[in-house]
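Next come the chains, spelled out residue by residue.
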Amino acid sequence: MTNAPLNAASLRGAVDLSSLVRQHNTPAPAAGEGAGATTAGEAPQPSGFATSANDASFTQVLELSNTVPVIVEFYGQGIEPALEPTIAQYKGRFALVVVDATSNPQLVQAFQVQEVPTVAAVIGGRPVQLFSGIMPENDLKEVLEQVLQLAAENKVTGTLPAPEGSDAAEEEPVEEPLPPLHQEAFDAISAGDYPAAIAAYQSAITQNPRDQQAVAGLAQVSLLLRLDGHTVDSVRSAAAQEPLNVDAQLAVADLDVSGGHLGDAFDRLLELFPSADADGKGAIRTRMLDYFEIAGAEDPRVADARRRLTLLLY
């Protein structure tokens, strides 16, 4: 088995395919001459993400390689093509072209095929020699990943559409059904009945206190209920008139969070915290914990605000 290194130099004329561009001057192979033979100039017939090609039709493979990297598999002498199942796993990020080495001497010469199977790639019209012989699937996938990387460096990053009737074409994401109480809350939110949604989430938490989705959902719908019936202008005006009023500042912080300005809400409440009385501090802490649930622990703003709140508390 031989492996050629994959690098940019591999794309600079390592193999000369110029004679294949003159395919219209090449006579068509006789009918029945080797598996996978096609008429000169005729587009190869696809089968999944794989197709066959010959000396006369390979120009179209070169054109295809400007869209996706093409893997070329030479077979013959009792060796059948074997790469299609692996290529299919990449869901259109590769095209596979199989070539009968016994009946396509120009391709055999151009790709310097010494034995079968031999596998090469074509990227942007340029060939890359890969390996000869049988390769274990794990090693094959490593080579294919290198080909994808090389293709990306050469801006060949397209994807082939899944063939009609294939598993990939028919495969659609299956949405997991919501737990009953979550679905009840979702339906209530859709209907604008926030109190009913809150009750459903509270029931879910009672059943399972570790139901983080219910906890986050409760925090979100509680915010929606607090904002319901208020206008942006009235909330901001009240906060501006009473900068030390905890309720007014909590309301405008809700508004900030609903608009995606989580950092502004945290800054507002943390700056207010030192001047608030004990009840005010408790209300700010509780509201910030709600915001932590809404944003999620992975949000870096949550980690920073949690650290700042801890310093203020202790």
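About the cut-offs
- Residues numbered from 1 in each chain as written.
- Predicted model: local features only at pLDDT ≥ 70, side-chain atom pairs only at ≥ 80, totals over all residues.
- Heavy atoms only, no water.
- Helix = DSSP H or I, 4+ residues; strand = E, 2+ residues; numbered from the N terminus.
- Buried < 20%, exposed > 50% of the residue type's maximum accessible area, 1.4 Å probe, protein only.
- Contact = heavy atoms within 4.5 Å.
- Areas by Shrake-Rupley, 256 points an atom, 1.4 Å probe, with all protein chains shown as cover.
- Salt bridge = Lys/Arg side-chain N within 4 Å of Asp/Glu carboxyl O.
- Core = buried A, V, L, I, M, F, W, Y, C linked by side-chain atoms within 4.5 Å.
- Pairing = 2+ DSSP bridges.
- Polar contact = N/O pair within 3.5 Å; in protein donor to acceptor, adjacent residues only side chain to side chain.
- Phe/Tyr/Trp six-rings, centres within 6.5 Å; stacked < 30°, edge-to-face > 60°.
- Lys NZ or Arg CZ within 6 Å of the ring centre and 35° of its normal.
- Arc of directions from axis to C-beta.

1. With respect to the overall build of the protein chain
When helices and strands are counted, the protein chain shows 14 helices and seven strands. Each of the 314 residues in the protein chain was classed as buried or not, and the buried ones make up 41%. Intrachain contacts of the protein chain at a sequence separation of at least 6 include 66% that bridge at least 24 residues. Approximately 17,100 Å² of the protein chain is accessible, and the part contributed by carbon and sulfur atoms is 51%.

2. Focus: the pattern of salt bridges
Side chains that differ in charge, positive against negative, can pair when their charged atoms come close. Tallying each qualifying case throughout the model produces nine salt bridges. A salt bridge links Arg-308 to Asp-304, with the nearest nitrogen and oxygen atoms 3.7 Å apart. Of this pair, Arg-308 and Asp-304 both sit in helix H14 (residues 300–313), separated by four residues, roughly a single helical turn. What makes Arg-308 partly exposed here is its relative accessible area of 24%. Note on Asp-304: relative accessible area 32%, which makes it partly exposed.

3. Describing the nonpolar core
General note: in soluble globular proteins, nonpolar side chains tend to be found buried as a group. Counting 25 residues, the largest nonpolar core has Phe-266, Leu-269, Ile-284, Met-288, Tyr-291 and Phe-292 as its most contacted members. At the level of elements, helix H9 (212–227), helix H10 (232–241), helix H11 (246–258), helix H12 (262–272), helix H13 (278–295) and H14 are the ones that each hand at least two residues to this core. Setting aside chain neighbours within four positions, we find Met-288 in contact with Phe-266, Leu-269, Leu-270, Ala-305 and Leu-309. If you look at the next biggest cluster of nonpolar residues, it comprises 24 residues, including Ala-50, Ile-71, Ile-87 and Val-128.

4. Topic: the pairing of strand S7 (residues 126–132)
The element S7 is extensively covered by neighbouring structure, given that five of its seven residues are classed as buried. As defined by bridge partners, strand S6 (residues 118–123) adjoins S7 across six bridges and the pair is classed as antiparallel. Following the sheet pairing, Thr-118 is matched in S7 by Ser-132. In this structure, the hairpin formed by S6 and S7 is closed by a connection of two residues, where Gly-124 is found at a positive phi of approximately 60°.

5. With respect to the environment of Glu-73
Along the polypeptide, Glu-73 turns up in strand S4 (residues 70–75). Glu-73 sits 10 residues away from Leu-83 along the chain, and the two C-alpha atoms are 7.6 Å apart. With near-sequence residues (within four places) excluded, Glu-73 lies in contact with Glu-80, Pro-81, Ala-82, Leu-83, Leu-96, Val-97, Val-98, Val-99, Thr-118 and Val-119. Among the polar contacts listed, one links the side chain of Glu-73 to the backbone nitrogen of Leu-83, at a separation of 3.4 Å.

6. Structural notes on the packing of aromatic side chains
Summed over the entire model, instances satisfying the criterion amount to five aromatic pairs. The interplanar angle of 75° and the centroid separation of 5.8 Å between the aromatic rings of Phe-58 and Phe-111 together place this pair among those described as edge-to-face. With Phe-58 in helix H2 (residues 58–64) and Phe-111 in the loop between helix H4 (105–110) and S6, this residue pair connects regions lying 53 residues apart in the sequence. Phe-58 sits in the buried class, given a relative accessible area of 0%. Ring centres of Tyr-90 and Phe-94 lie 5.2 Å apart, and the angle between their planes is 80°; on these two criteria the pair is classed as edge-to-face. Side by side, Tyr-90 and Phe-94 carry an identical accessibility label, which is buried. The side chain of Lys-281 reaches across the aromatic face of Phe-273, ending 5.4 Å from its centre.

7. As for unusual backbone geometry
The step from Val-116 to Pro-117 runs through a cis peptide bond, and the omega angle for that step is -5°. Inspection of the secondary structure assignment puts Pro-117 in the loop between H4 and S6. At Gln-77, a position not held by glycine, the phi torsion is positive, near 55°. Relative to the helices and strands, Gln-77 is located in the loop between S4 and helix H3 (84–88). Positive phi values are uncommon outside glycine, yet Lys-91 reaches one of about 50°.

8. Side note on the pairing of S6
Of all six residues in S6, six are buried, a share of seventy percent or more. Because side chains alternate across S6, one face comprises the buried residues Thr-118, Ala-120 and Val-122, and the other comprises Val-119, Ala-121 and Ile-123, equally buried. Bridge analysis of S4 against S6 gives five bridges, and the strand direction is antiparallel. Looking at the pairing, Val-70 lines up with Val-122 of S6.

9. Regarding helix H7 (residues 180–190)
Those residues of H7 that fall on the buried side of the exposure criterion are Leu-181, His-182, Ala-185 and Ala-188. Taken around the axis of H7, the buried residues stretch over an arc of 125°, which confines them to a single face. Those residues of H7 that are exposed and aimed more than 90 degrees away from the buried face are Pro-180 and Ser-190. Buried residues along H7 sit in contact with helix H8 (194–207) and H9.

10. Re the environment of Asn-245
Within the element layout of this structure, Asn-245 appears in the loop between H10 and H11. C-alpha separation for the pair Asn-245 and Ser-275, spaced 30 residues apart in sequence, amounts to 10.0 Å.

Honestly, that's just the spatial picture; any functional story needs more than this.
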